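Each chain, letter by letter, is given below.
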Amino acid sequence: MNAPHAMTAGTAAPATARYDWGAALKDASLAALVTLGLCIPIVLLRTDQGAGVDLLLRPRIGMVASFVAAVFAARLLHHVLLARRAGRPLVEQKAEVRTTPNAVPWAKMGLYAFMGVAMSFPLIVFLIQGGLSESRYWVDLGILVLTYVMLGWGLNIVVGLAGLLDLGYVAFYAVGAYSYALLSTTFGLSFWICLPLAGILAAFWGMLLGFPVLRLRGDYLAIVTLAFGEIIRLVLINWVDFSGGGAGISSIPRVTFFGVPFSADEGGFASLFGLTFSPMHRVIFLYYLILGLAFLTAFVTLRLRKLPVGRAWEALREDEIACRSLGINTTNTKLTAFATGAMFGGFAGSFFAVRQGFISPESFTFLESAVILAIVVLGGMGSQLGVAIAAIVMVAGPELLRNLGFLKAVFGESFDPNEFRFLIFGLGMVAMMIWRPRGLISEREPTAILKERRAISGSHVKEGHG
Amino acid sequence: MEVFVQQLINGLTLGSIYGLIAIGYTMVFGIIGMVNFAHGDVFMLSAFIALIVFLVLTTWLGVTSIALALLVVLICAMALTSLWGWATERIAYRPLRGSFRLAPLISAIGVSIFLANFVQVTQGARNKPTPPMVREVIVLWEGANGYAVALSYKQIIIMATTAVLLGIFWYLVQRTSLGRAQRACEQDRKMAALLGIDVDRTISLTFVIGAALAAVAGTMYLLYYGVVSFADGFVPGVKAFTAAVLGGIGSLPGAVLGGLIIGLIETFWSAYFSIEYKDVAAFSILAIVLIFMPSGLLGRPEVEKV
């Protein structure tokens, strides 16, 4: 798993027809040896709490052996692939380089397909499961996935379009959630008034935090947003009078059908439309609510990309200094991106609060920011469809895997794919940066281009621009 | 007065740990201009390695001498953590050299998430307490109100180890050919390569040294607090990064100075203001320093080259 992939660069000098298998074997053994060294204490010996306070050690030689074997095999496979590639004529390789991935129409089709499936998802589930309450699990999962899709699309504006790495995005999610929770519990405002307010407040916070930091260079900006995100969370934990502290805020009012409550009694949603009462009405309404919010995000993003401000964002991502010399006000441009992204984070946050009915600072840790960022990065920064696919795979994937019985049979009873979710997030982020820095579905080409296509700084990755 | 002196001692102890981690950030930043976000997790990993080696020594091999055990733990942790530092550089950062600017940072965040959860999956999510290793304290003096100023052996060990290793490290950077190569790469990587310096090797070694010093910090952290969990890399990592930035990122004395200042601020803040907001204080310093004096106390102002 930890094979030093870069090591082949030297060994792959395949001018001759015969591949140097001795060197390949040596390289694979070396990688296996390194893996062994990496595994030695941390995987080999597991610390467990014994009967008393003392920790006991439990050796796991089999696990280390399988890690080492896996790395050895992966290295050898890598060499086999290299050897086959070396056998191919060079012309073919050249063609490979020249094809610029022009996947935009395909991506658009994909986006429509995603929209279609998402719109009819509750119906499909209803028909398959054969009943409203039976499909509850699936609709809930759909809501969760769509929340992340929306957050991903919101962060995509900041990271993917404007090229600003925001590690504190969850702060705006928290601002949205707490805005709704506090406004509704203290002033009794309804969700439909709070939703825009939450967006405005989050955007306001985005501007407030963004203003001092946006003149910083990229990685400093990332760290400062991280610091702000943590500060907001810590204040929410410690300022008990304001936010309820670590205990959070509970009994947040439920969502209403534009003022009509989802209740069983007279005047509720069910009796108004002459339906038999079912708690699923509310869940399905929530599903369509988040779907609408997510589509709003996507729609606004797609339209903004065609406006001057959107083009300025993309230009800023490609080359900040060029932007400045062309007279683009970089601070304002960054600020609008930051605030727009924050606003959608705020919408998602107030949706989160109304769905859960309970919020606490626990839900807004750095890890949450990292998950959203991972979804954006894995989806290929800038691509709407990619982000949606990444959210589905990364959020629903482990959940679905958990239901597969045979995995438990293979890996033992206590196997929980959710545990490995973050491992895959982390590895995926590294892998994306190494192999597909422009995203799986590349939309990182500026929307406005001259007739003649030129390479943008993102495409000559080896040159050291940007 | 007694409280002040006691907090001074505590602050300096904590500060030496932060300083050791901060060197890893500052060296890597100096040489390849990237924020090694995963460094805090390398530190956490090293504390786990130290914990396991310590348990092997005491429970399996029956080593009773704490001094010997600590020495062996320190050396093992340094060696094994260095290997991790080397491997992460090789896998996650080297292929990105020359990629777009944020790529190494995103990759480092990936490594950070990976390391934290790798430890969680392999070692479990619970806190891992160690038996108290060194318990003796020296009472320096007793105040009028019965408040005693104490300097524990742990604190002496931590400060002395830090000082000795910083001395060795300083010699390494200032007097050896490795240090010269490193400083040359820091100034101009292309020119250094033209003059026959193996840049890749130098960068690898920078990561190795950074990880080794983080391992010292990890061992000291374990000795000081006696407990470690997989999530312990994040906050100390950010604080050490704050220290590096405060001291002037890229500057080695700055990192140590920044570490001491952050350690002192944290302990005094906890003692005199509020313990709840101590992390808020650290994060605020980070934001304020980056916004208002990004070159820090001892750093050189950065010139943007086009």
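Computed from a predicted structure; not experimentally measured.

S.K.: Give a detailed account of the overall build of chain B, specifying residues and quantitative values.
M.R.: Within chain B, the regular secondary structure consists of 11 helices and 4 strands. Taking the intrachain contacts of chain B between residues at least 6 apart in sequence as the baseline, contacts between residues at least 24 apart amount to 76%. As displayed, chain B offers around 12000 Å² of accessible surface, 65% of which is attributable to carbon and sulfur atoms.

S.K.: So what's going on with the overall build of chain A? Residues and values would help.
M.R.: Across its full length, chain A carries 19 helices and 4 strands. Burial statistics for chain A: of 466 residues in total, 50% are counted as buried. In chain A, of all internal contacts separated by at least 6 residues, the share reaching a separation of at least 24 is 72%. Carbon and sulfur atoms form 67% of the exposed surface of chain A, whose accessible area is close to 21800 Å².

S.K.: Could you give an account of the UniProt feature "transmembrane region" (unreviewed entry) in chain B, naming the residues involved and the relevant values?
M.R.: All names here are of chain B. As recorded in UniProt, the feature "transmembrane region" (unreviewed entry) lies at residues 12–35, 42–60, 66–87, 99–119, 156–173, 203–224, 244–268 and 280–299. Structurally, residues 12–35 comprises 88% helix and 0% strand, and the distance from its first C-alpha atom to its last is 25 Å. End-to-end, the C-alpha atoms of residues 66–87 are 31 Å apart, and along that stretch the chain is 100% helix and 0% strand.

S.K.: Lay out the packing of aromatic side chains with the relevant residues and their values.
M.R.: All names here are of chain B. This model, assessed by the stated rule, comprises 32 aromatic pairs over all chains. When the ring of Phe4 is compared with that of Phe268, the centres are 5.2 Å apart and the planes differ by 35°; the resulting orientation is tilted. Residue Phe4 is located in helix H1 (residues 2–32), and its partner Phe268 is located in helix H10 (residues 252–272); the two are separated by 264 residues in the primary sequence. Under the relative-accessibility criterion, Phe4 is labelled partly exposed at 39%.

S.K.: An account of the nonpolar core is needed here, citing residue identities and associated values.
M.R.: Formed by 230 residues in total, the largest nonpolar core has its most connected members in Trp153 and Leu165 of chain A together with Phe37 of chain B. When residues are assigned to domains, this core turns out to be shared by domain 1 (5–98) and domain 2 (114–463) of chain A, each giving three or more. Ignoring any residue separated from it by four or fewer positions in sequence, one finds Phe37 of chain B in contact with Leu167, Ile223, Leu226 and Phe366 of chain A together with Tyr25, Leu105, Ala108, Ile109, Ser112 and Phe234 of chain B.

S.K.: Summarise the environment of Ile284 of chain A; cite the residues concerned and give the values.
M.R.: Residue and element names in this part refer to chain A. Inspection of the secondary structure assignment puts Ile284 in helix H12 (residues 280–304). Each C-alpha atom, one on Ile284 and one on Arg136, is 8.7 Å from the other, the two residues being 148 residues apart in sequence. Residue contacts for Ile284: discarding those within four places in its chain leaves Leu132 and Val139.

S.K.: Could you give an account of the confidence of the model for chain A, with specific residues and numbers?
M.R.: Here chain A shows a mean pLDDT of 80. Residues at 70 or above account for 82%. Segment residues 1–16 of chain A is flagged for pLDDT under 50; beyond a separation of four residues in sequence, or across chains, it makes 33 contacts in the model.

S.K.: Report on a nonpolar patch on the surface, specifying residues and quantitative values.
M.R.: Residue and element names in this part refer to chain B. On the surface, Met1, Ile138, Leu140, Trp141, Tyr153 and Ile156 cluster together into a nonpolar patch covering about 570 Å² of accessible area. Among the secondary structure elements, those contributing two or more residues to the nonpolar patch are strand E2 (137–142) and helix H5 (153–175). At 3 residues, the largest contribution of residues to the nonpolar patch is made by E2. Secondary-structure assignment places Tyr153 in helix H5. Residue classification places Tyr153 among the partly exposed residues on the basis of a relative accessible area of 39%.

S.K.: Could you give an account of the interface of chain B and chain A, naming the residues involved and the relevant values?
M.R.: Listed as interface residues are 65 residues of chain B and, on the opposing side, 71 residues of chain A. Interface of chain B and chain A: buried area, both sides summed, is about 6300 Å²; carbon and sulfur atoms make up 76% of it. Inspection of the region where chain B meets chain A yields 0 salt bridges. Counting residues per element, the side of chain B that touches chain A draws most heavily on helix H4 (residues 103–123) of chain B, at 14 residues. Counted by class, the side of chain B that touches chain A contains 45 nonpolar, 12 polar and 8 charged residues.

S.K.: Describe in detail the packing of helix H6 (residues 177–187) of chain B against helix H8 (residues 199–225) of chain B, supporting the description with residues and values.
M.R.: All names here are of chain B. Relative to each other, H6 and H8 sit at 105°, their axes nearing to 10 Å. Considered as vectors, H6 and H8 are oriented roughly perpendicular to each other. Here H6 contributes Leu178, Ala181, Gln182 and Cys185 to the contact with H8, which in turn contributes Val199, Thr202, Leu205, Thr206 and Ile209. Residue composition of the contact of H6 with H8, grouped by class: 6 nonpolar, 3 polar and no charged.

S.K.: Residue-level account of the pattern of salt bridges, with values.
M.R.: Pairing of side chains with opposite charge becomes possible as their charged atoms draw close. All names here are of chain A. Per the counting criterion, the structure on display carries 15 salt bridges over all chains. Linking Arg305 and Glu314 is a salt bridge whose minimum nitrogen-to-oxygen distance equals 3.6 Å. The residues Arg305 and Glu314 share a single accessibility class, namely buried. Of the charged contacts, one joins Glu314 and Arg317 as a salt bridge, the two residues approaching to 3.9 Å between their closest N and O atoms. Here Glu314 and its partner Arg317 are both found in helix H13 (residues 308–318), 3 residues apart, which amounts to about one turn of the helix. Residue Glu314 shares its accessibility class with Arg317, and that shared class is buried.

S.K.: Would you mind going over the side chain of Thr162 of chain B in detail, with residue names and values included?
M.R.: Residues and elements named next belong to chain B. The topology assignment puts Thr162 in helix H5. Relative accessible area serves as the criterion here: at 5%, Thr162 is assigned to the buried category. Excluding residues within four positions of it along the chain, Thr162 makes contact with Ser16 and Leu20.

S.K.: Any chance you could break down the environment of Leu80 of chain B for me, citing the residues and the numbers?
M.R.: All names here are of chain B. Along the polypeptide, Leu80 turns up in helix H3 (residues 66–93). Of the residues examined, Leu80 reaches a relative accessible area of 17% and is grouped as buried. The spacing of Leu80 and Ser46 is 34 residues in sequence and 7.9 Å in space, taken between C-alpha atoms.

S.K.: Can you break down H6 of chain B residue by residue, with the values?
M.R.: All names here are of chain B. Along H6, the positions that sit buried rather than exposed are Leu178, Gly179, Ala181, Gln182 and Cys185. Along the axis of H6, the buried residues cluster in a sector spanning 160°; they form a single face. Of the exposed residues in H6, the ones pointing more than 90 degrees away from its buried face are Ser177 and Gln187.

S.K.: An account of the environment of Gly33 of chain B is requested, with residue identities and associated values reported.
M.R.: Looking at the secondary structure, you find Gly33 of chain B in the loop between H1 and helix H2 (39–60). Exposure remark for Gly33 of chain B: the relative accessible area of 32% places this residue in the partly exposed category. Distance in space between the C-alpha atoms of Gly33 of chain B and Pro104 of chain B is 9.6 Å, their sequence separation being 71 residues. Apart from the residues lying within four places of it in its own chain, the contact partners of Gly33 of chain B are Arg217 and Asp219 of chain A together with Val28 of chain B.

S.K.: Got a sec to walk through unusual backbone geometry? Specific residues and values, please.
M.R.: Residue and element names in this part refer to chain A. The backbone of Ser251 shows a phi angle near 45°, a positive value even though the residue is not glycine. Tracing the backbone through its elements, the reader meets Ser251 in the loop between helix H10 (240–243) and strand E3 (256–257). Residue class for Ser251 comes out exposed when judged on its relative accessible area of 63%.

S.K.: Tell me what's going on with the packing of H5 of chain B against H8 of chain B, and back it up with residues and numbers.
M.R.: Residue and element names in this part refer to chain B. Orientation of H5 relative to H8, taken along the N-to-C sense of each, is 175°, at an axis distance of 10 Å. Between H5 and H8, the crossing angle belongs to the class labelled roughly antiparallel. Contacts from Lys154, Gln155, Ile157, Ile158, Thr161, Leu165, Phe169 and Leu172 in H5 reach Ile209, Leu213, Val216, Met220, Leu223 and Tyr224 in H8. In terms of residue class, the contact of H5 with H8 is made up of 11 nonpolar, 2 polar and 1 charged.

S.K.: Quick one: what's the story with a positive patch on the surface, residue by residue and with numbers?
M.R.: Taken together, Lys108, Arg303, Lys306 and Arg311 of chain A make up a surface patch of like positive charges. A relative accessible area of 37% means that Arg311 of chain A is categorised as partly exposed.

Thresholds, definitions, all that
- Residues numbered from 1 in each chain as written.
- Chains lettered and ligands numbered in written order.
- Predicted model: local features only at pLDDT ≥ 70, side-chain atom pairs only at ≥ 80, totals over all residues.
- Heavy atoms only, no water.
- Helix = DSSP H or I, 4+ residues; strand = E, 2+ residues; numbered from the N terminus.
- Contact = heavy atoms within 4.5 Å.
- Areas by Shrake-Rupley, 256 points an atom, 1.4 Å probe, with all protein chains shown as cover.
- Buried < 20%, exposed > 50% of the residue type's maximum accessible area, 1.4 Å probe, protein only.
- UniProt positions renumbered as here; feature names shortened; annotations may be inferred.
- Phe/Tyr/Trp six-rings, centres within 6.5 Å; stacked < 30°, edge-to-face > 60°.
- Core = buried A, V, L, I, M, F, W, Y, C linked by side-chain atoms within 4.5 Å.
- Domains from an automatic or database assignment.
- pLDDT = per-residue confidence, 0-100.
- Patch = residues over 30% accessible without salt bridge, like charges linked within 9 Å, V, L, I, M, F, W, Y side chains within 5 Å.
- Salt bridge = Lys/Arg side-chain N within 4 Å of Asp/Glu carboxyl O.
- Buried area = accessible area lost by both parts, 1.4 Å probe.
- Nonpolar A, V, L, I, M, F, W, Y, C, P; charged D, E, K, R; others polar.
- Axes fitted to C-alpha atoms, helices over the stretch in contact; angles between N-to-C directions.
- Parallel < 35°, antiparallel > 145°, perpendicular 65-115°, else oblique.
- Arc of directions from axis to C-beta.
- Lys, Arg positive; Asp, Glu negative; His and termini not counted.
- Charge placed at Lys NZ, Arg CZ, Asp CG, Glu CD.

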